[in-house]
Amino acid sequence: IKPDSRMQVEGQTAISMIGEVQRNTRERALQAALTPDHQALVILAADRSVELFEIRGREEAKAKLRKKKRQQDAAVELSSADLFKPRRVFRSTNKAHSFDLSASQSEGSARLLLAMNNNRLEDVSIPFDPKVEALVAAQVTLPGHASDIRCVAFSPDQSTILTGAAEGARLWSVATRRCVKTLEYDQLREGLCAQFLPDSRHAIIGCRSGQLHLLDT
């Protein structure tokens, strides 16, 4: 961040540029956050990568730099590479669009909740040590389409709604507003139009392939 003359605290700049964090992937960063204990920096990339950087204190970083240069009493100038140590790159099961860090963090790992592009939430604990396997503590699939809805139809008795999207079709209860059935078959992918028959029990979906599929709802 470039210093700004408007950001002054007793004659000193409040924000200044100290360097760049060298990442392990060329994909753009979607989100970055510090763990609640400020021990790690977590960066989510667009290619399913979650990068972990250990944050060193300034005194610790200076001590390591002096030891490396074998100059115990020499003045050292820290770079961002001395403060942010790359520890691990974790690959999630699917692409994620955001994450949140858990308030309860264990030492030597980062625990986060990943929001996937396929409407799934994953509670993941990622150790800094790449030799230790990451743990997916829980998975929750939200009851909705993972892609844009292409078609929708009401049953004649107004009790059911049929929706179609790229990954398949879903039936919804009007009374409870909940998904009551998921129809994710290859034949039902890319549904473009839908219509119930007069009996409200059967429906027809027209797909991009040019096929019409009769459903028993």
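Residues numbered from 1 in each chain as written. Predicted model: local features only at pLDDT ≥ 70, side-chain atom pairs only at ≥ 80, totals over all residues. Heavy atoms only, no water.

1. Observations concerning the side chain of Asp 123
The cut-off we apply is this: Counting from the N terminus, the helices are DSSP H or I runs at least four residues long and the strands are E runs at least two residues long. Type-normalised accessible area, obtained with a 1.4 Å probe on protein chains alone, sets the label of each residue: buried when under 20%, exposed when over 50%, and partly exposed for intermediate values. Whether two residues are in contact is decided by their heavy atoms, any of which lying within 4.5 Å being enough.
Summarising the element assignment, Asp 123 is placed in strand β9 (residues 120–127). Overall, Asp 123 belongs to the buried group, its relative accessible area being 16%. Ignoring any residue separated from it by four or fewer positions in sequence, one finds Asp 123 in contact with Arg 111, Leu 112, Leu 113, Leu 135, Val 136, Ala 137 and Ala 138.

2. Details of the environment of Glu 133
Within the fold, Glu 133 resides in the loop between β9 and β10 (135–141). Once you skip the residues sitting within four places of it in the chain, Glu 133 turns out to touch Arg 88 and Pro 127.

3. What about the pairing of strand β16 (residues 202–207)?
The criterion, for reference: For two strands to count as paired, DSSP must find a minimum of two bridges between them.
Note that strand β15 (residues 191–196) and β16 share five bridges and pair antiparallel. Bridge pairing in β16 links Gly 191 to Cys 207. Taking the residues between adjacent antiparallel strands as the criterion, β15 and β16 are bridged by five residues, where Ser 200 takes a positive phi near 65°. By the bridge criterion, five bridges tie β16 to strand β17 (residues 212–216) in an arrangement that is antiparallel. Bridge pairing links Ile 204 to Leu 214 in β17. The hairpin formed by β16 and β17 contains four residues between the paired strands, and Gly 210 there has a positive phi angle of roughly 95°.

4. With respect to the environment of Pro 130
Along the chain, the position of Pro 130 falls in the loop between β9 and β10. For the pair Pro 130 and Arg 88, spaced 42 residues apart in sequence, the C-alpha to C-alpha distance is 5.8 Å. If we ignore the near neighbours within four places in the chain, the residues touching Pro 130 are Arg 87 and Arg 88.

5. Remarks on the sheet that holds β15
Stated precisely, the cut-off is as follows: In this analysis an axis means a line fitted to C-alpha atoms, helices contributing only their contacting stretch, and an angle means the value between N-to-C directions, from 0 to 180 degrees.
An order of β15-β16-β17 is seen for the three strands of this open sheet, with the pairing classed as antiparallel. Two strands close off the open sheet at either side, each with one partner strand: β15 and β17. In this sheet, neighbouring strand axes are inclined to one another by 25° on average, regardless of whether the strands run parallel or antiparallel.

6. Things to note about the environment of Ala 29
Here Ala 29 shows up in strand β3 (residues 29–34). Here Ala 29 falls in the partly exposed class, since its relative accessible area comes to 44%. Taking C-alpha positions, Ala 29 is 5.8 Å from Leu 44, a pair spaced 15 residues apart along the chain. Discounting residues that sit within four places of it in the chain, Ala 29 has contacts with Arg 23, Ile 43, Leu 44 and Ala 45.

7. Structural notes on the pattern of salt bridges
Where side chains of opposite charge bring their charged atoms close, a pairing between them can arise. Selection rule: A side-chain nitrogen of Lys or Arg and a carboxyl oxygen of Asp or Glu constitute a salt bridge if their distance falls within 4 Å.
Scanning all chains against the criterion turns up seven salt bridges. With a shortest N-O distance of 3.6 Å, Arg 91 and Asp 47 are connected by a salt bridge. Linking Arg 91 in strand β6 (residues 84–91) with Asp 47 in the loop between β4 (40–45) and β5 (49–55), this pair joins segments that are 44 residues apart in sequence. Relative accessible area serves as the criterion here: at 18%, Asp 47 is assigned to the buried category.

8. Topic: the nonpolar core
The line we're drawing: Within this scheme, the nonpolar core is defined by two criteria: the residues are buried Ala, Val, Leu, Ile, Met, Phe, Trp, Tyr or Cys, and they are joined through side-chain atoms within 4.5 Å.
By size, the foremost hydrophobic cluster in this structure holds 18 residues, and its most contacted members are Val 42, Val 50, Phe 90, Phe 99, Leu 112, Leu 114 and Ile 126. Of all elements in the fold, only β4, β5, β7 (96–101), β8 (109–116) and β9 reach the threshold of two or more residues within this core. Per-element accounting of this core gives the leading share, four residues, to β8. Counting residues in each nonpolar core, the second largest holds 13 residues, with Leu 162, Leu 188, Phe 196 and Cys 207 among its members.

9. Some remarks on the confidence of the model for the chain
Heads up, the rule is: What pLDDT reports is the predictor's confidence in each residue, on a scale of 0 through 100.
Averaged over every residue, the pLDDT of the chain is 81; the share at 70 or more is 82%. Between the elements of the chain, mean pLDDT differs from a low of 51, seen in strand β1 (residues 8–9), to a high of 92, seen in β4. Segment residues 1–7: pLDDT under 50, and ten contacts once partners within four positions in sequence are set aside and those in other chains are kept.

10. As for the sheet that holds β9
Adjacent strands of a sheet form backbone hydrogen bonds with each other and so pair up, either parallel or antiparallel. If you trace the four strands from one edge of the open sheet to the other, you get β7-β8-β9-β10, paired in antiparallel fashion. The two strands at the open ends of the sheet, each matched to only one other strand, are β7 and β10. When strand polarity is set aside, the average angle formed by the axes of neighbouring strands in this sheet is 25°. One ladder, built from seven bridges, connects β8 with β9; its direction is antiparallel. When the sheet's bridge partners are listed, Leu 113 is paired in β9 with Asp 123.

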